[in-house]
Amino acid sequence: MTIQFDINQYRITDEPYYQPQRNEIALYAAAYAARLPVMLKGPTGCGKSRFVEHMAWKLGKPLITVACNEDMTASDLVGRYLLDASGTRWLDGPLTLAARYGAICYLDEIVEARQDTTVVIHPLTDYRRALPLDKKGELVAAHPDFQLVISYNPGYQSLMKDLKQSTKQRFTAMEFDYASAEVEAAIVVRETGIDAALAARLVRIGVTARNLKGHGLDEGISTRLLVYAATLIGQGIAPVDACRMALVRPITDDADIRDTLDHAIDAIFG
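Keep in mind the model is a prediction, meaning the values are calculated, not measured.

Student: I tried to follow the packing of aromatic side chains on my own but got confused; where do I start?
Tutor: Within a pair of aromatic rings, the relevant descriptors are the distance that separates the centres and the angle that separates the planes. This structure, assessed with the given rule, holds four aromatic pairs. Measuring from centroid to centroid gives 5.6 Å for Tyr28 and Phe51, while their planes differ by 90°, and the two rings are edge-to-face. Here the residue Tyr28 occupies a position in helix 1 (residues 24-33), and Phe51 occupies one in helix 2 (residues 48-59), the gap between them amounting to 23 residues. The class of Tyr28 is buried, set by a relative accessible area of 0%. Of the residues examined, Phe51 reaches a relative accessible area of 0% and is grouped as buried. Summarising the aromatic geometry, the rings of Tyr81 and Trp90 are spaced 5.1 Å apart at their centres and angled 75° between planes, so their arrangement reads as edge-to-face. Here the guanidinium or amino end of Arg210 rests over the ring plane of Tyr178, the centre of that ring lying 3.8 Å away.

As structure tokens, this is what we get:
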């Protein structure tokens with residue numbers, strides 16, 4: 001027995017705010033029109049997930065998001081049999097649901113998943129556009145509206161954590177980065193309602209930290225963390241304390257780097 005599923009619960013009803021940086025909206029729209037799979041590459045917190053949400057809303061399509069992790073199995077993606085009081089029943093996984101009912105399936109941080117898990121997406125990313133359910137003995141032909149989107153942060157690539165070429169070359173790719181200082185400040189203002197001058201000062205701290213990437217920091221301060229700092233300030237927290245809590249303490253445990261960023265915060269808000 002297969003449980004009937006309402007895909008409409010995954011429709012995004014309110015427009016997610018997204019500030020375009022270049023022509024990424026037109027590029028994605030063209031890829032979706034041809035139902036090409038898309039890979040989004042960029043640093044943590046630069047807007048990849050928000051972009052997918054915005055495009056799903058703009059296109060009027062349901063969006064099923066999967067946060068990938070190293071414990072995720074192929075069954076977590078495609079589905080499994082379950083036992084209950086009525087007997088055995090099949091439960092579709094998120095990838096199968098998207099393929100069966102016509103949603104955009106977004107696999108976030110795909111490199112976190114084991115390579116023997118990610119190979120299950122291959123039949124959906126070429127001319128076949130189908131998903132074999134070996135345990136169920138079914139071949140799910142992808143719905144005409146189905147599209148697969150994956151994302152990852154190239155800065156975390158290693159010999160142990162990277163996509164196989166056989167996977168990469170099944171996707172079109174779009175590169176993302178942090179927005180310009182002016183655009184990023186506007187995003188912070190839009191998301192939190194704080195003063196524009198204050199947002200610009202937060203962005204200056206973010207730029208300072210990003211310049212330390214590779215020189216003591218694995219990753220710079222994300223736009224997401226800038227929004228967190230602005231939110232704390234909106235709650236009445238002093239800017240210096242908000243910045244230390246939201247911008248510095250989450251990204252480093254190194255005393256020297258922490259002190260360097262703390263001094264930058266004191267200089268900008270002093």
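Student: Just to check I follow, could you spell out unusual backbone geometry for this structure?
Tutor: The bulk of non-glycine residues show a negative phi, and the bulk of peptide bonds are trans. Of note in the backbone geometry, Glu109 takes a positive phi value of approximately 55° without being a glycine. Relative to the assigned elements, Glu109 resides in the loop between strand 5 (104-108) and helix 5 (115-118). One non-glycine residue, Arg129, lies in the positive phi region at around 40°. Here Arg129 shows up in the loop between helix 5 and strand 6 (130-133).

Rules of the game
- Residues numbered from 1 in each chain as written.
- Predicted model: local features only at pLDDT ≥ 70, side-chain atom pairs only at ≥ 80, totals over all residues.
- Heavy atoms only, no water.
- Phe/Tyr/Trp six-rings, centres within 6.5 Å; stacked < 30°, edge-to-face > 60°.
- Helix = DSSP H or I, 4+ residues; strand = E, 2+ residues; numbered from the N terminus.
- Buried < 20%, exposed > 50% of the residue type's maximum accessible area, 1.4 Å probe, protein only.
- Lys NZ or Arg CZ within 6 Å of the ring centre and 35° of its normal.

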